Amino acid sequence: MAIKKEMQDAINDQINAEMFSAYLYLSMASWFEDEDLPGFGNWMRCQYMEETMHAMKFFNFLNERGGRAVLKAIEGPDTSWKSYDEAFAAVVKHEEYISERINKLVTLARKLEDYATESFLLWYVDEQVEEEDTSNTILVKLKRLKDDQNGLLRYDEEMSARVLSALAVPTILDQPVVA
Ligand code: OFO
């Protein structure tokens with residue numbers, strides 16, 4: 001059964017929100033690198049790619065369900081923050097906002113009795129728990145390191161080790177490149 005237009009429109013709005021998330025974190029990558037914190041820059045670059053994958057997972061789903069991904073203009077994100085913990089407070093706030101959006105999509109899927117979409121969305125419900133937890137953990141650590149430059153540099157080193165989560169990679173490969 002093809003996806004209903006109301007559900008398709010809401011998912012298209014979410015594709016835009018995920019792409020905005022990608023833009024926001026790419027903007028933060030540039031800012032952190034300009035602050036001579038390449039590890040945080042690396043973490044944000046990984047986050048940018050992960051958000052692109054979140055958008056692509058929705059994109060693939062719409063096509064699988066006989067729908068269309070209709071791409072809209074992406075709003076420009078902020079380009080600088082007053083402090084490192086302020087930047088991560090913005091990440092936490094943004095992820096909470098994305099979680100609310102995902103919850104509303106689940107509510108809509110239930111209202112439309114679209115169980116395929118509801119089932120699909122549960123991956124995002126779980127993912128948002130992780131997104132909020134990870135960003136909160138980093139925020140708490142940054143607050144503790146506020147006046148500890150050496151500690152901050154050690155933490156930056158730690159952040160440089162992040163590679164794109166193996167769990168995220170298959171999401172972009174939902175549709176095989178070669179049929
Ligand atoms: Fe797509 O999870 Fe963050 O925004």
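All residue numbers refer to positions counted from 1 along the written sequence of the respective chain. Thresholds applied to this predicted model are a pLDDT of at least 70 for local features of residues and 80 or more for the giving and counting of side-chain atom pairs; totals over whole chains, interfaces and linings are not thresholded and use all residues. In computing side-chain properties, one takes all heavy atoms of the structure into account and sets aside hydrogens as well as water.

Asks: Can you walk me through the overall build of the protein in this structure?
Replies: Per the convention used, a helix needs a DSSP run of H or I reaching at least four residues, while a strand needs a run of E reaching at least two, with both numbered from the N terminus. The secondary structure content of the protein amounts to 6 helices and 0 strands. When its helices and strands are written in sequence order, the protein yields α-α-α-α-α-α. Computed over the C-alpha atoms, the radius of gyration of the protein is 18 Å, within 12% of the 16 Å expected from 2.2 N^0.38 for a compact globule of 179 residues. Oriented by its inertia axes, the alpha-carbon framework of the protein measures out at about 60 × 35 × 25 Å. Out of the 179 residues in the protein, the part that is buried amounts to 45%. Pairs of residues are marked as contacts when any of their non-hydrogen atoms sit within 4.5 Å. Sequence-distant contacts, at least 24 apart, represent 83% of the contacts inside the protein between residues at least 6 apart. With residues, only the protein chains shown are counted as cover, and all accessible areas are computed by Shrake-Rupley using a 1.4 Å probe. Surface summary for the protein: the accessible area is close to 9,900 Å², and the carbon and sulfur share equals 55%. The globule rule used here is 2.2 Å times the number of residues to the 0.38 power, and the radius of gyration it is set against is calculated over C-alpha atoms. Buried means the residue's accessible area, taken with a 1.4 Å probe over protein chains only, is under 20% of the maximum for its type, while exposed means over 50%, and partly exposed covers the values in between.

Asks: What am I meant to see in the side chain of serine 99 here?
Replies: The residue serine 99 is located in helix α3 (residues 84-111) in this model. Using a relative accessible area of 9% as the deciding quantity, one classes serine 99 as buried. Residues in contact with serine 99, not counting those within four places in the same chain, are Gln128 and Glu132.

Asks: Which parts of the structure should I look at to understand the pattern of salt bridges?
Replies: What makes a salt bridge here is a side-chain nitrogen of Lys or Arg within 4 Å of a carboxyl oxygen of Asp or Glu, nothing more. If you walk through the whole model with that rule in mind, you get 10 salt bridges. Between lysine 72 and aspartate 13 there is a salt bridge; the shortest N-O distance is 2.5 Å. Highlighted residues: lysine 72 in the loop between α2 (38-64) and α3 and aspartate 13 in helix α1 (residues 5-34), separated in sequence by 59 residues. Residue classification places aspartate 13 among the partly exposed positions, given a relative accessible area of 35%. Between glutamate 33 and arginine 45 there is a salt bridge whose closest N-O contact spans 2.7 Å. Taken together, the positions of glutamate 33 in helix α1 and arginine 45 in helix α2 put the pair 12 residues apart, joining distant regions of the chain. Classification of glutamate 33 as partly exposed rests on a relative accessible area of 30%. You can call arginine 45 partly exposed: its relative accessible area is 44%.

Asks: Just to check I follow, could you spell out the packing of α3 against helix α4 (residues 115-144) for this structure?
Replies: Geometrically, a packed helix pair is captured by the angle between its two axes and the distance between the axes. Orientation is described by axes fitted as lines to C-alpha atoms, over the contacting stretch for helices, and by angles from 0 to 180 degrees between their N-to-C directions. Two numbers describe how α3 lies on α4: the axes approach to 9 Å, and their chain directions differ by 165°. Here α3 lies roughly antiparallel to α4, going by the angle between them. Between α3 and α4 the crossing geometry is left-handed. As a working rule, the residues Ala, Val, Leu, Ile, Met, Phe, Trp, Tyr, Cys and Pro are called nonpolar, Asp, Glu, Lys and Arg charged, and the rest polar, with Gly in that last group. Its residues assigned to classes, the contact of α3 with α4 comprises 16 nonpolar, 5 polar and 8 charged. Convention used here: angles under 35 degrees read as roughly parallel, angles over 145 as roughly antiparallel, angles from 65 to 115 as roughly perpendicular, and any remaining angle as oblique. In this scheme the handedness of a crossing depends on how the near helix is turned from the far one: anticlockwise by less than a right angle means left-handed, clockwise means right-handed.

Asks: What exactly am I supposed to notice about α4 here?
Replies: Each α-helix turn comprises 3.6 residues. Residues three or four places apart therefore point the same way. Helix length check: α4 (30 residues) gives 44 Å between terminal C-alpha atoms against 44 Å at 1.5 Å per residue, within 8%. Within α4, burial applies to Thr117, Glu118, Phe120, Leu121, Tyr124, Glu127, Gln128, Glu131, Ser135, Ile138, Leu139 and Leu142. Contacts from the buried residues of α4 go to α1, α2, α3 and α5 (149-159). Here the expected length of a helix is defined as 1.5 Å per residue gap, with one fewer gap than residues.

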